[in-house]
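Residue-level structure breakdown
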Amino acid sequence: MTLDSRRAALALHRFGFGPMLGSTSGSIAAIASDPQAALLAELEAPKAGQIVNPNLPTSGAENRTLFEFQYARQAQMALERRRREAAQTAAAENPGTGNAMAMEEKPAEAAQPAQPDQMLPPRKIFLDEAGARIRAAANANIGFVERLVWFWSNHFCVSADDTYMAGAYEREAIRPHVLGHFVDMLQAAEGHPAMLEYLNNDQSIGPNSDEGIIRNRGLNENLAREILELHTLGVRTVYTQADVTTFAKVITGWTILRTRDDPDHGGEFVFNPRMHEPGEQTLIGKTYPSGGVQQGRRVLADLARHPATARHIATKLARHFIADEPPPALIDRLTFRFFESEGDLKEVAKALVTAPEAWAAERAKIKRPSEWLVATRRAIGRPGNIPPMVGQQAQLGEPLWRPPAPNGFSDDTAAWLPGLKLRLQAANAFALVVAGDFEPRELLDVTLGPLATEETRLAMARAESKVQALTLLVMAPEFQRR
Amino acid sequence: MRSSIQAATFHAATRRELLLGSGVLFAWAFVPRLARAEGRDPRFLTIVLRGGLDGLAAVAPVGDPDWVSLRGNNALTLEGQKPGLPLDGFFALNPAMPNVHRLYQEGHATIVHAVATPYRERSHFDGQDMLESGLPKPGAVDSGWLNRALAELEPSRDAIASGRKGFAVGPITPLVVRGAAPVLSWTPPRLQPVSDETTLRVLDLYRHTDPAFAQGLEEGLGAAGIAKAGGISDKRPDQPVIPGGGIEQVRAYFAEAAGAAAKFLAAPEGPRVGALAFDGWDTHVQEGAVTGRLADLLGALDGAIAAIKTNMGEAWNETVVTLVTEFGRTARINGNAGTDHGTATVALLAGGALKGGRVIADWPGVKEADLYEKRDLKATTDLRAVLKGLLRDHLRVDERALTADIFPGSDVIAPMGGLLA
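None of these values were measured; they are calculated from a predicted model. (Residues numbered from 1 in each chain as written. Chains lettered and ligands numbered in written order. Predicted model: local features only at pLDDT ≥ 70, side-chain atom pairs only at ≥ 80, totals over all residues.)

Before going further, it helps to examine the overall build of chain B. Helix and strand counts for chain B come out as 15 helices and twelve strands. A burial count over chain B gives 57% of its 421 residues as buried. For chain B, long-range pairs separated by at least 24 residues make up 75% of all intrachain contacts whose partners lie at least 6 apart in sequence. (Helix = DSSP H or I, 4+ residues; strand = E, 2+ residues; numbered from the N terminus. Buried ≥ 20, exposed ≤ 12 C-beta atoms within 10 Å, placed from the backbone. Contact = placed C-beta atoms within 7 Å.)

Among the nonpolar cores identified, the biggest contains 139 residues, and A11(A), I142(A), L334(A), L352(A), L472(A) and L473(A) are the most heavily contacted of them. Counting contributing residues per domain, this core is built from domain 1 (5–44 + 366–480) and domain 2 (307–360) of chain A, each supplying no fewer than three. Sequence-distant contacts of L352(A), defined by excluding residues within four places in its chain, comprise L317(A), F321(A), L334(A) and A358(A). Within the second largest apolar cluster, 113 residues are counted, among which are V62(B), L93(B), Y253(B) and L297(B). (Core = buried A, V, L, I, M, F, W, Y, C linked by C-beta atoms within 7 Å. Domains from an automatic or database assignment.)

Residue and element names in this part refer to chain B. Tracing the chain through its elements places A96 in the loop between strand 5 (92–93) and helix 5 (98–105). Each C-alpha atom, one on A96 and one on L297, is 8.6 Å from the other, the two residues being 201 residues apart in sequence. Beyond its immediate chain neighbours, meaning those up to four positions away, A96 contacts A295, L298, G299 and D302.

Per-residue pLDDT for chain A has a mean of 90; in total, 95% of the residues score no lower than 70. Here residues 97–116 of chain A is modelled with pLDDT under 50, and outside its nearest four sequence neighbours on either side it reaches 14 contacts, counting other chains as well. (pLDDT = per-residue confidence, 0-100.)

This brings us to helix 7 (residues 145–153) of chain B. Counting buried positions over the nine residues of helix 7 of chain B gives nine, a clear majority of the element. Residues of helix 7 of chain B that are buried include every one of W145(B), L146(B), N147(B), R148(B), A149(B), L150(B), A151(B), E152(B) and L153(B), and no others.

Backbone hydrogen bonds hold the strands of a sheet together, and the pairing may be parallel or antiparallel. Residue and element names in this part refer to chain B. One open sheet accounts for three strands, arranged 3-5-4; its pairing is antiparallel. At either margin of the open sheet sits one strand with a lone partner, and together these are strand 3 (59–60) and strand 4 (85–86). Summarising the sheet, strand 3 and strand 5 pair through two bridges and their orientation is antiparallel. Bridge pairing in strand 5 places A60 opposite A92. (Pairing = 2+ DSSP bridges.)

This brings us to unusual backbone geometry. Of note, the phi angle at K47(A) is positive, near 60 degrees, even though the residue is not glycine. Tracing the backbone shows K47(A) in the loop between helix 3 (35–44) and helix 4 (59–93).

Interface size, as often reported, equals the accessible area lost upon joining of the parts. At the junction of the two partners, chain A supplies 28 residues and chain B supplies 33 residues. Going through the elements one at a time, helix 23 (420–434), helix 25 (454–461) and helix 26 (466–475) of chain A are the ones with two or more residues in the side of chain A that touches chain B.

The next thing to look at is helix 15 (residues 293–304) of chain A. Residues and elements named next belong to chain A. Taking 1.5 Å per residue, twelve residues should reach 16 Å; helix 15 reaches 17 Å between its end C-alpha atoms and fits that length. Residues Q295, G296, R297, V299, L300, L303 and A304 constitute the buried set of helix 15. Where the residues of helix 15 are buried, they touch helix 10 (182–190), helix 14 (241–250), strand 1 (254–256), strand 3 (281–283), strand 4 (286–288) and helix 16 (307–321). (Expected span 1.5 Å × (residues − 1).)

This brings us to the domain arrangement of chain A. All names here are of chain A. Under the domain assignment used here, chain A contains domain 1 (5–44 + 366–480) and domain 2 (307–360). Placing a centre on the C-alpha atoms of domain 1 and another on those of domain 2 gives a separation of 25 Å. Every contact between the two is made by eleven residues of domain 1 and, on the other side, ten residues of domain 2. Sorting the residues of the side of domain 1 that touches domain 2 by element identifies helix 1 (5–15) and helix 3 as the ones contributing at least two each. Within the side of domain 1 that touches domain 2, the residues separate by chemical class into five nonpolar, two polar and four charged. (Nonpolar A, V, L, I, M, F, W, Y, C, P; charged D, E, K, R; others polar.)

Before going further, it helps to examine the packing of helix 1 of chain A against helix 3 of chain A. Close contact between helix 1 of chain A and helix 3 of chain A brings their axes to 8 Å; oriented N to C, the two are set at 35 degrees. Mapping the contact onto sequence places R7(A), A8(A), A11(A) and F15(A) in helix 1 of chain A and P35(A), A38(A) and L39(A) in helix 3 of chain A. (Axes fitted to C-alpha atoms, helices over the stretch in contact; angles between N-to-C directions.)

With that settled, the discussion passes to the pairing of strand 2 (residues 43–50) of chain B. Taken residue by residue, a regular strand's side chains alternate between the two faces of the sheet. Residue and element names in this part refer to chain B. When you tally the buried positions in strand 2, you get eight out of eight residues, the bulk of the element. Here strand 2 shows no split at all, with R43, L45, I47 and L49 on one side and F44, T46, V48 and R50 on the other all buried. Of the strand pairs in this sheet, strand 2 and strand 8 (residues 273–279) are connected by seven bridges, and their pairing is parallel. In the strand pairing of strand 8, I47 is matched with L276.

Laid out in structure tokens, this is it:
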């Protein structure tokens, strides 16, 4: 058995979240006998990509909790406004006593400030979901499947600025299909309330539907356009503006049940036939007979198996994992595998890690801030505190589940280079807290091993303190590039 | 009323406010009992200067006939635009340290020169290990001399420790304060900024290994204009871009951390022994002893000592502050107008409890033949003698314990007497 430490280190950095100190399965040594087999084995692990945590509610339940929280707050504010008005009226009618009387009526709890240790539901839900995600990455063996989850979550991104369900969405729409079929992930994502809310399809009404006629309202093309442009075929491919409009009609009625209307199922997906544009529709050269929700499902199924989609996905995967300008041979290989396997994402993942191009490419990509932060914690073998990590991720320009636009966070190396100064501050802050506990040389061997350049070794050996040495380690190009 | 508000803030700085965990000042809830029995209430603050302070740049032997030929244009002298501050006719203090000079003249500062730990290699980490552990060898140790001294001070430490179960030792404390005695810590609101030195080294690493990273970082630092004006490609690595504005942050941080430490130690219910560390002394390139980086850092340190004196108030008269570093630097200037890792250096003592106004040195000379391995200032005083003397005479640590437990293997190193007034 020959050991290939260099490929093992490459596998951990390129396809995972970096080596983990003290791990018997996520270290360079642990996978050095066959790094590729270790990656493939991660794809076969039971429940790979799933988060098993009974404490995390469904997106619908989260939505209802938050709706009730907001509603109660609105009621509270309305009550206070009414009291103020009553007090003012009383004061005007009966000068001198009105204020005092109004004060007495005020219930005691209204006067008490919120408990500082009680987290408000929106923050609590967000941090619970963030914690589940970050811990899954920090504790993974290599982290290949989690990297795939992050990739797909960014591909089908939603924003927590527009929906409360961003975290649950990832668990419900992305994770179950990360090693399944693309078409199932596509159906789950586009039909998820978080996506419908984020890209406004919950408001889109067929002009000739009952609702459209009665309320004189109409289409919102946002989701339809992004499905074609970003999620499936790719921009400037085989579709036209007319196809976008037609597709928007097809998916009218894909909306969210309002909690106001249904306290038990509010926040869940519903197909509302009264909002749905009636009739058959023709797009990208094919006619889809009327059929309610099935009309849209059929379009999505066809989009999933379109060759343009295969090439689009293959290119994005190769760009994310391998190079900003991926080798054409690799794109061809992944496109073919995607097409031939009918979008079996496990097969595509296997094709990626068994492609010679995937190992030959220079490590020219830069880890995004989220990946880098997790890698720094793995390097010292501690998963880290979730709220500060979430805060740092935002400071470094990649706020969790808050992409700047529906095309997600950039996969372009150049986009992240100006952030190196901020990373240096984060690295220094990190090193100040933990450096005392570690031997920098040991961490260097554990986390970079054969990837470390002489320059980095020398710079660390000459560092004036452990803080400086650890800062140099996590700032080193070998640590940040993959 | 304003003064009473200030007083309230001041008195609030008790040991109860110290937190566990990550921190800058580290202190103990223990009090030096024997000293208290004598009617004293001594304060003892140790400041570790990580990176290796150039003792010859901080305190120059201007009376040594070989001095100027050793360092040439980089030698601090009593002449020039920034002349050294005369101490005793033979030594001069770096002009960046007027506050320390004033304290020296008032008898509240002492300089020990040509001093070193027993460490004779030149690795920062091992050197810091020995400086902080107090042991004669680097390597696996889990406690520092200051913590062991504290344990000696307080015979009933088990009772105190058990009464403060919440105060487990934080995992990130520096070695000098680690050990059995529970450590408290406090972090200033201002996080220690990335030092210029660290920034430069990261940038230097990028320039040698990853030009795109170098450019990204330079642009982030706002130094791109400078780099481009000079042409990045023909820029010599020994003349790096120094990011502007950093020293102001460092000054503020040093003063804030040291000043806060003093407030804690001065408070009636506060701790009496503490430690903190300042990084950034590893001046391999463009040392700038008289005007430049090291002068800036020494100035920041001077400000920190001034802040300690101010915030100690009356307690200053019972205070000793010791500033120590893992080793000195090469006697000569290297090829990058800097200095490399060396051996002997200075230890700077400040505080109203000292019999100061003296430079204590068994001066070895700086002729080549007098240098250690023909390159470093030779150590003629063992730093442990100084520390043992202070612990014995200021805190009343038992002399046998000093050799048996606190600085084991230092039998032949007698405590230096007469340091205190």
